[in-house]
Amino acid sequence: MIEFRFAVDDLATTSFAYSPLQETVFSLRCLHDPARYPHHRPWLRRIRPRLDALDHELLSALTTPWLWVPDCLTPRPERARPAFADELDRLRATPPHLLDSDFRAAYRTESALPPVVARGLAEPDRFLDRIVAALDAYWHACLAADWWPRVQSIMEADLAHQARVLAEQGAGALFAGLDRRLSWVDGQLRLSTDDFMLQAPWTDMSIAGRGLVLLPSLFARGAQPLIDPARPPTIIYPARGSATLSAEPPPVTDDALARLLGRPRARLLLLLADPASTTELAHRLNVTPGAVSQHLAVLYDAGLLSRTRNGRVVRYARTALGNALCR
């Protein structure tokens, strides 16, 4: 059990964020154990041929066999929605001694270090340059174009859901709803470690005015902390809706909903059980965003959808009337 101890003002500084660099690094877990991540199998099949052109030896070594990741590879975001390039710049500025200590902490023993890591740590500056270059190439070859837009939409939907839970039910319900490992007891947040593959090297942490950041991830099988308790407090938890990565669009049928709305609009309404953007819906249906936008406008005007804006992105969700029609 790990207990996060909150002072009076610590709950007020607890916040949510998501990290494209974190998801990039965590996605490498699929290379070690694809069976643990069934929703990512279609994506993994697509990228397999591209991995041969990348620094595969190093990328595989960035995750341990027990799926721990050196903390320095996933720095806590400085804002809620950082850009990948900005996070990569922060990684590039990692002090060499931190790179060495974080890899050794993740692999736990000297003998467990892969040869590529052991060689790299002998020249940490060059090793860090190689890590940054490998992650940058991996991001652009395998993630940025067609994978990250869908993941980002899931992240945004998760953050919107958590905000609603906090507003309607309070912090206790919020933490308990993030993952079964988490519970809010007597003003403290507890994280059960009973099913950890390896036990965490510490058991309690005081937030102490540093702010707790909660990060959704598509590669977390349960809530998890960082390895180093001296780092700013961070909890990574499973993002809602990860199954939609492998979900096929609803079939075109001749049921009552399709006859009422038309097949394209019926499919869109069925897809919007969770909020999504025009771009995400277009990816999932393999059509143009313009075509999706026209149908969304009709469904919105009919009162079947609501919409919210985050920056430049507009996300649609079904209204009560839309849910009733889908039933």
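Attention here is on the structure that accompanies the text. (Residues numbered from 1 in each chain as written. Predicted model: local features only at pLDDT ≥ 70, side-chain atom pairs only at ≥ 80, totals over all residues. Heavy atoms only, no water.)

Residue position: Ala282 is located in helix α13 (residues 278–285). Sequence separation of Ala282 and Ser293 is 11 residues, and the distance between their C-alpha atoms is 9.0 Å. In contact with Ala282, not counting residues within four places along its chain, are Val287, Thr288, Pro289 and Val292. (Helix = DSSP H or I, 4+ residues; strand = E, 2+ residues; numbered from the N terminus. Contact = heavy atoms within 4.5 Å.)

It is worth spelling out the sheet that holds strand β1 (residues 2–5) at this point. As summarised here, the arrangement of the four strands in space is β3-β4-β1-β5, forming an open sheet in which the pairing is mixed. At either end of the open sheet lies a strand with only one pairing partner, and these are β3 (182–185) and β5 (204–206). The sheet shows a mean angle of 20 degrees between the axes of neighbouring strands, direction not considered. Lying over the sheet, helix α10 (residues 171–178) contacts β3 and β4 (188–191), oriented at roughly 155 degrees with respect to β3. (Pairing = 2+ DSSP bridges. Axes fitted to C-alpha atoms, helices over the stretch in contact; angles between N-to-C directions.)

Within the chain, Arg108 stands out as a residue other than glycine whose phi angle is a positive 75 degrees. Among the structural elements, Arg108 can be located in the loop between α6 (96–107) and α7 (115–121). For Arg108, a relative accessible area of 45% puts it in the partly exposed group. The backbone of Asn286 sits at a positive phi, close to 60 degrees, despite the residue not being glycine. Tracing the backbone shows Asn286 in the loop between α13 and α14 (289–301). The exposure class of Asn286 is exposed, given its relative accessible area of 71%. (Buried < 20%, exposed > 50% of the residue type's maximum accessible area, 1.4 Å probe, protein only.)

We now examine the pairing of β3. Looking at chain direction, β3 and β4 are connected through four bridges and run antiparallel. Within the sheet, the bridge partner assigned to Leu182 lies in β4 and is Leu191.

Turning our attention to the packing of helix α12 (residues 263–271) against α13. Between two packed helices, the angle of one axis relative to the other and the distance separating the axes together describe the packing. For the pair α12 and α13, the least separation of the axes is 11 Å and the interaxial angle reads 115 degrees. By the angle between their directions, the pair α12 and α13 is classed as roughly perpendicular. Crossing angle aside, the handedness with which α12 passes α13 is right-handed. For the pair α12 and α13, the contacting residues are Arg267, Leu268 and Leu271 in the first and Leu281, Arg284 and Leu285 in the second. When its residues are assigned to classes, the contact of α12 with α13 shows four nonpolar, no polar and two charged. (Parallel < 35°, antiparallel > 145°, perpendicular 65-115°, else oblique. Left-handed = near helix turned anticlockwise from the far one by under 90°. Nonpolar A, V, L, I, M, F, W, Y, C, P; charged D, E, K, R; others polar.)

An α-helical segment advances 3.6 residues per turn. Residues three or four places apart therefore align on the same side. The end-to-end C-alpha distance of α6, which contains 12 residues, comes to 17 Å, matching closely the 16 Å that a straight helix rising 1.5 Å per residue would cover. Where α6 is concerned, the buried positions are Leu99, Asp102, Phe103, Ala106 and Tyr107. Mapping the buried residues of α6 onto a view down its axis gives an arc of 120 degrees, with all of them on the same face. The inward-facing, buried residues of α6 contact α4 (56–61), α7 and α8 (124–143). (Expected span 1.5 Å × (residues − 1). Arc of directions from axis to C-beta.)

Quick look at the sheet that holds strand β2 (residues 15–16) now. With mixed pairing, four strands are arranged side by side in an open sheet as β2-β6-β8-β7. Taken across any chain shown, the strands that pair with only one partner, and hence form the sheet edges, are β2 and β7 (224–225). As defined by bridge partners, strand β6 (residues 213–217) adjoins strand β8 (residues 234–238) across five bridges and the pair is classed as parallel. The partner of Leu214 across the bridge, within β8, is Ile235.

Counting 76 residues, the largest nonpolar core has Phe4, Phe103, Ile131, Leu135 and Tyr138 as the members making the most contacts within it. It is α8 that provides the largest number of residues to this core, a total of 10 residues. Those residues in contact with Leu135, other than ones at most four positions away along the chain, are Leu21, Thr24, Val25, Leu28, Leu59, Leu62, Phe84, Leu88 and Leu91. (Core = buried A, V, L, I, M, F, W, Y, C linked by side-chain atoms within 4.5 Å.)

A complete count under the given rule lists 17 salt bridges for this structure. Measuring nitrogen to oxygen at the nearest pair gives 2.6 Å for the salt bridge that ties Asp89 to Arg92. On the criterion of helical spacing, the pair formed by Asp89 and Arg92 is a turn pair, its members being three residues apart in helix α5 (residues 84–92). The network of salt bridges with shared partners includes Asp55, Glu57, Arg119 and Arg130. (Salt bridge = Lys/Arg side-chain N within 4 Å of Asp/Glu carboxyl O.)

Inspection of the entire model under this criterion finds 13 aromatic pairs. With 4.2 Å between their ring centres and 5 degrees between their planes, Phe84 and Trp139 make a pair best called stacked. You can see Phe84 sitting in helix α5 and its partner Trp139 sitting in helix α8, a full 55 residues away along the chain. Relative accessible area serves as the criterion here: at 8%, Phe84 is assigned to the buried category. Residue Trp139 is classed as buried on the basis of its relative accessible area of 8%. With 5.9 Å between their ring centres and 55 degrees between their planes, Trp139 and Trp148 make a pair best called tilted. Owing to a relative accessible area of 10%, Trp148 belongs among the buried residues under this scheme. (Phe/Tyr/Trp six-rings, centres within 6.5 Å; stacked < 30°, edge-to-face > 60°.)

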